[in-house]
Amino acid sequence: MSLIVQKFGGTSVADVEKIRAAARKAIRAQKQGHRVVMVVSAMGKNTDLLLKLAGDVSQSPPAREMDMLLSTGEQVSVALVAMAIDDLGSKAVSLTGGQIGMKTDDSFSKARIQSISTERIERLLDDGNIVVAAGFQGIDDDLNITTLGRGGSDTTAVALASVLGASACEIYTDVDGVYTTDPRLLPEARRVDVISYDEMLELASLGAGVMHNRSIEFAKKFNVPIHVRSSFSDAEGTMIVAETESKTAPVCGAAMTPNEARVTVLGVPDVPGKSLQVFSAIAEKKIAVDMVVQNVGRKGRADISFTVRQDDLKLTLAALDKVLPAIGADAVTFDDQVSKVSVVGVNMADQTNVASTMFRALADANVNIQMITTSEIKISTLVPRAEAGAALRAVHEVFRLHEKPADAKSWDQIRAERGETADLDTLVSRLQDDALEALTLTGISLTKHQARVTLYGVPDEPGIAADMFETIGQAKIFVDMIVQGYDGEDGSTSVSFTVDESDLKQSLEVAVAIREKHGMRDIQDGSDIAKITVSGIGLRSHTHVATVLFKQLADLGINIEMIGTSELQVNAVISATNSDKALERLSAAFAASLEAGR
Ligand code: ADP
Ligand code: ASP
Ligand code: MG
């Protein structure tokens, strides 16, 4: 008998009628012959209310007590859902995170799942029950209650589907599927039939709140198909699977993180090991850092900028404050009125002009780009918060995301084309006993013969990036990584990009022309450069990846010139000298994670 996991979010259990409707959906699935496990969130906005209550009682509530409090929201819903099922004449048992044996580490409010014991669930299912499990919560080794982070019930659901070998994981929510961007922000957004794990993981991590990003790490690792659908109708929703909807569309979705903050550490001594100190201080607090831009050092000093969620700003500044004297940096500045607007698509990796198209759309909408970072499947820009809505609309429009790509395939077509064995090939068993959410790496590689061009003193006004990368595109130069960062010296920005070594001469000619046209301060180039790539799943949310990278390279005396991160890759641009050694060292340092990905 096949097993399905059905997850109901807060709005889907917000009142008595909705609880009954959820119960009926589960009963129906059971009557159709499935074993059914439900995962339920706190009712409506209950988690927000509890958070507010805590804030009213204490200015800085202890993390342990916070998780104790927040977990009660889910406990209320599971009991009510089980009662509703009973009332409708079927059998159900509600279970807390502890009771389903959801073991996590002890990082309160961001706990990672280590193991789940399925025995009790299996036994209850064997007895004909619908099992109603509390989402979002677990217990640590000391039996303390932990929570997985906001939106974490999705992760509970997909994790359970993984360990129970479910045939599907249905996510019932208040939208009827995954859209090309949040339909509440942009009514013209289109619902997609199919989206790939890689794209959904990246979108979720960049702000698409419809799925908790860590749930997609699970789905990809264990190859669990996810069906996102409305709890208020029976319509088919969106399938999140290994395949993409289109094989050609460069962009499949756009996302915005409205509440971001930029932090810049000014005047960091330009010697290996300093970035390590900066980022390990932050990683220790499990704060995810994005859009890292390090200005190529001048006068022996460099500026390091990065973004964090605005919620994490206070903690980030406090962590930096502690290490600033040891680092010998001048000061820290920040801007908490910025938003991140990103586009994602696996097909962009081998297409030109995707970045310049995005920059042109932003320029035409009069949006000033403050920072840029790119990775193989995404481009992120940091913009003033007041301009973020216009920016999102502009990029959605320019990539025609409201239209179905001509070669788009439906889930039925994709499934039919899968063939008999395709599933088995990808179904790698990664069920380790005690490290379900451990970092999984699939490879570390080196690309040599790269070159870098940096322009300093790029005027802080709309349209410059668009002009630059259009001109470079017209010269038929393929640009790999692009990084634009805040330049501490005079408030302007600097832009760096990498090209193949054979294109360096021509790239410099173009750069000189651009400098003349826009009155920029300086150009610098670096040849004999290599790109080191660490590939895997969930690289941004595992905050220690960057720290290990920085540490290993610092030990070898290697400076990181540029860095680009996505959930799937961390790319570091370094000097080619010693890059073979770097590869060796990193392979050794990440040996366990590489083994997990095999
Ligand atoms: P639940 O409580 O069911 O977990 P969430 O509020 O966490 O629901 O997620 C659903 C919401 O996600 C939608 O109401 C929608 O506004 C938002 N959302 C953000 N990005 C997207 C997207 N790309 N597609 C669909 N919904 C999105
Ligand atoms: N109730 C939790 C939250 O509101 C978890 C969840 O709904 O996924 O974040
Ligand atoms: Mg949610």
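This text gives an overview of the structure that appears in the document. Keep in mind the model is a prediction, meaning the values are calculated, not measured.

### A look at the environment of Arg452
- Along the polypeptide, Arg452 turns up in strand β19 (residues 440-458).
- Distance in space between the C-alpha atoms of Arg452 and Asp480 is 9.9 Å, their sequence separation being 28 residues.
- Side chain to side chain, Arg452 and Thr454 meet in a polar contact 2.7 Å long.

### Focus: the sheet that holds strand β3 (residues 92-95)
- An order of β3-β6-β2-β1-β9-β11-β12-β10 is seen for the eight strands of this open sheet, with the pairing classed as mixed. Edge positions in the sheet fall to β3 and β10 (194-196), since each of these pairs with one other strand and no more. Each strand of the sheet is rotated relative to its neighbour by a mean of 20°, with strand direction disregarded.
- Across three bridges, the pairing between β10 and strand β12 (residues 238-241) is parallel. Pairing of Ser196 across the sheet is with Val241, part of β12.

### Quick look at the packing of aromatic side chains
- This model, assessed by the stated rule, comprises six aromatic pairs.
- For the ring pair Phe8 and Tyr172, a centre distance of 4.8 Å and an interplane angle of 5° mean the geometry is stacked. Within this pair, whereas Phe8 is found in strand β1 (residues 3-8), its partner Tyr172 is found in strand β9 (residues 168-173), the two being separated by 164 residues in sequence.
- Given a relative accessible area of 3%, Tyr172 falls into the buried group.
- Every member of this aromatic cluster is reached through a ring pair, and the members are Phe279, Phe306 and Phe550.

Rules and cut-offs
- Residues numbered from 1 in each chain as written.
- Chains lettered and ligands numbered in written order.
- Predicted model: local features only at pLDDT ≥ 70, side-chain atom pairs only at ≥ 80, totals over all residues.
- Heavy atoms only, no water.
- Helix = DSSP H or I, 4+ residues; strand = E, 2+ residues; numbered from the N terminus.
- Polar contact = N/O pair within 3.5 Å; in protein donor to acceptor, adjacent residues only side chain to side chain.
- Pairing = 2+ DSSP bridges.
- Axes fitted to C-alpha atoms, helices over the stretch in contact; angles between N-to-C directions.
- Phe/Tyr/Trp six-rings, centres within 6.5 Å; stacked < 30°, edge-to-face > 60°.
- Buried < 20%, exposed > 50% of the residue type's maximum accessible area, 1.4 Å probe, protein only.

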